[in-house]
Amino acid sequence: MSPQPSSVTALSAPGKVLLTGGYLVLDRAYTGTVFALNARIHVVVQQLRRGHRRGASGSGPAVGEAHGTAEEQEGENTVVVRSPQFVDAVWEYGVQRCSDGGGVKVIPKGDGPRNPFVETSLSYALTYISYVADSKDFGSLSVTILADSDYYSETATSKGPASQGRSGRFVNFGVPLFEAHKTGLGSSAALVTALVSALVIHRTMQPEDLGAGRDKLHNLAQAAHCAAQGKVGSGFDVASAVYGSCLYRRFSPSILESLGDVGSPGFEERLFPIVEDSDTEHPWDTECVDFGMQLPRGMQLVLCDVDCGSGTPSMVKKVLEWRKANRKEADILWASLQNNNERLRQELKRQAQHPDAAGDFSDIRTLLERTRQHIRTMTRRTGVPIEPSVQTELLDSVSELEGVIGGVVPGAGGYDAIAILIRDDPTVVARLREHLANWTSKVEDDFGGKIGNVRLLGVQHGSEGAKNEMLEQYAGWI
Ligand SMILES: Nc1ncnc2c1ncn2[C@@H]1O[C@H](COP(=O)(O)OP(=O)(O)O)[C@@H](O)[C@H]1O
Ligand SMILES: C[C@@](O)(CCOP(=O)(O)OP(=O)(O)O)CC(=O)O
């Protein structure tokens, strides 16, 4: 029997940085080292009051239970999703059960801007829930999304009026979501993971089951994220949102290839074995080794935002085309990178596991520099600005600072935030901040790129994946 749904469920998932393994990790023959960050996206699911729900036994609504509109209480089930940190960020959906086992689809109401990540997560989670839960009646739901500030560039930070009585962790951005520049921490993966996990836990599990249910939530989140993105990426961002920091080897794309769209006949019958990993022909083969891994004692990871993002899909396409056309050379380069990345990971792990041996970061510095050399070769050979010269200049300049171990362009690279490993000491952070505040680029970029404002983000290593949250921190927001 499914457990009684509690009236409110809150869960969060972290952002990520792919320290090493960009492009390589798209191929199962290689791996990536992904760090979860302490910037998280929170999702709070509230059951709207209905006659047959908990709290309606004559004693009024249960604690935290939201009050639905008259329409919600009388008519069809609805899901209202709000991102109250942004202007006009409300998405309202009707819930439609599709014929021929097509699953459950949410239908947007009104003609405001769509949010494919929210929409797809809702449809996928509700389809799975309706397949496994005893009760096919969801009632109406109110969903609130809250994000830590570092997901968005400073241009968006805290333009809105500080609202009285609201918890201090979250900022009122005061702009519409589409105006907020992303910093590249993987907001959509953290959002999809937190949203599908909160819904599934809300309706079919208890919060304590999160640990045991992690694999299923991973499978569902990967399926929903790929569908919303319209492509099957490597999935390292969703994996770290679920499991936390890890050595990641991707899943075989064939697992998701024949799923089809929500609403197509038999969709629920195809989604269920994917989530439960019961298809013996296509078992999940994701590897998340050492998940939840820590940095060595005395080391910290920081990110430097350059407020000038790149278009990952076209970069990926070009790199993969070059690899296909230059297989021999690419194999050698990929092998060198993999080898060096693996040595770097092993050294980080060794130092993390032996705190007494930690403190001498010179090997780590050398390994980071070697990884960068290979990445620069990749940049030259592919003609793709993975580490363009303005980023080389920035990385070189910060690497000279006392207390900085080294840095890399993480993930796909480009004109995105850079990742820097430092000695975990406030004076090093202060030195970096000061250096960046006065920093101006002096080189002409090889790809014509320009870096404007550079600034240290407040985000650091977080290591932990999806986790249950307490409601108190959302005071004034839900
Ligand atoms: N706070 C939020 N509330 C609602 N949706 C969000 C929020 N943050 C991000 N999103 C969704 O995620 C999308 C950004 O995803 P994407 O372009 O893949 O960037 P990222 O690299 O950060 O994952 C937004 O267009 C929006 O649909
Ligand atoms: C190229 C990649 O291997 C890494 C991209 O990493 P990023 O962290 O740059 O990704 P976005 O969040 O999409 O900007 C593609 C992949 O693994 O999917």
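Residues numbered from 1 in each chain as written. Chains lettered and ligands numbered in written order. Predicted model: local features only at pLDDT ≥ 70, side-chain atom pairs only at ≥ 80, totals over all residues. Heavy atoms only, no water.

### So, the pattern of salt bridges
Link 1 in the chain: In total, this model carries 23 salt bridges according to the counting rule given.
Link 2 in the chain: Residue D27 is joined to R323 by a salt bridge in which the shortest nitrogen-to-oxygen separation is 2.9 Å. Placement of D27 in the loop between β1 (8-20) and β2 (32-47) and of R323 in helix α8 (residues 312-325) is noted, with a sequence separation of 296 residues between them.
Link 3 in the chain: A residue is classified by how much of its surface remains accessible, and D27, at 21% relative accessible area, is partly exposed.
Link 4 in the chain: Between E402 and R431 there is a salt bridge, and its shortest N-O distance comes to 3.8 Å. Residue E402 is found in the loop between α11 (389-399) and β10 (404-408), and its partner R431 is found in helix α12 (residues 426-437); the two are separated by 29 residues along the sequence.
Link 5 in the chain: The class of R431 is partly exposed, set by a relative accessible area of 29%.
Link 6 in the chain: Shared partners join several salt bridges into a network, and the residues in it are D290, E342, R345 and K349. (Salt bridge = Lys/Arg side-chain N within 4 Å of Asp/Glu carboxyl O. Helix = DSSP H or I, 4+ residues; strand = E, 2+ residues; numbered from the N terminus. Buried < 20%, exposed > 50% of the residue type's maximum accessible area, 1.4 Å probe, protein only.)

### Considerations on the UniProt feature "coiled-coil region" (unreviewed entry) in the protein
Link 1 in the chain: Under the UniProt annotation, "coiled-coil region" (unreviewed entry) lies at residues 327-354.
Link 2 in the chain: Within the segment residues 327-354, helix and strand shares are 96% and 0% respectively, and the terminal C-alpha atoms sit 40 Å apart. (UniProt positions renumbered as here; feature names shortened; annotations may be inferred.)

### A look at the packing of aromatic side chains
Link 1 in the chain: Counting across every chain of the model gives ten aromatic pairs.
Link 2 in the chain: Ring centres of F86 and Y152 lie 5.1 Å apart, and the angle between their planes is 85°; this geometry places the pair in the edge-to-face category. Residue F86 is found in the loop between β3 (78-82) and β4 (90-97), and its partner Y152 is found in the loop between β6 (141-147) and α3 (187-204); the two are separated by 66 residues along the sequence. Per residue, the accessibility class of F86 equals that of Y152, and both read buried.
Link 3 in the chain: In textbook terms, an aromatic cluster arises when at least three aromatic residues are bridged by ring pairs, as seen for F86, Y151, Y152 and F173. (Phe/Tyr/Trp six-rings, centres within 6.5 Å; stacked < 30°, edge-to-face > 60°.)

### What to know about the confidence of the model for the protein
Link 1 in the chain: The predicted model of the protein averages 90 in pLDDT, with 89% of residues at 70 or higher.
Link 2 in the chain: Below pLDDT 50 for its whole length, residues 67-73 participates in 17 contacts with residues either more than four positions away or in separate chains.
Link 3 in the chain: This complex was scored by the predictor with a pTM of 0.93 and an ipTM of 0.98. (pLDDT = per-residue confidence, 0-100. Contact = heavy atoms within 4.5 Å.)

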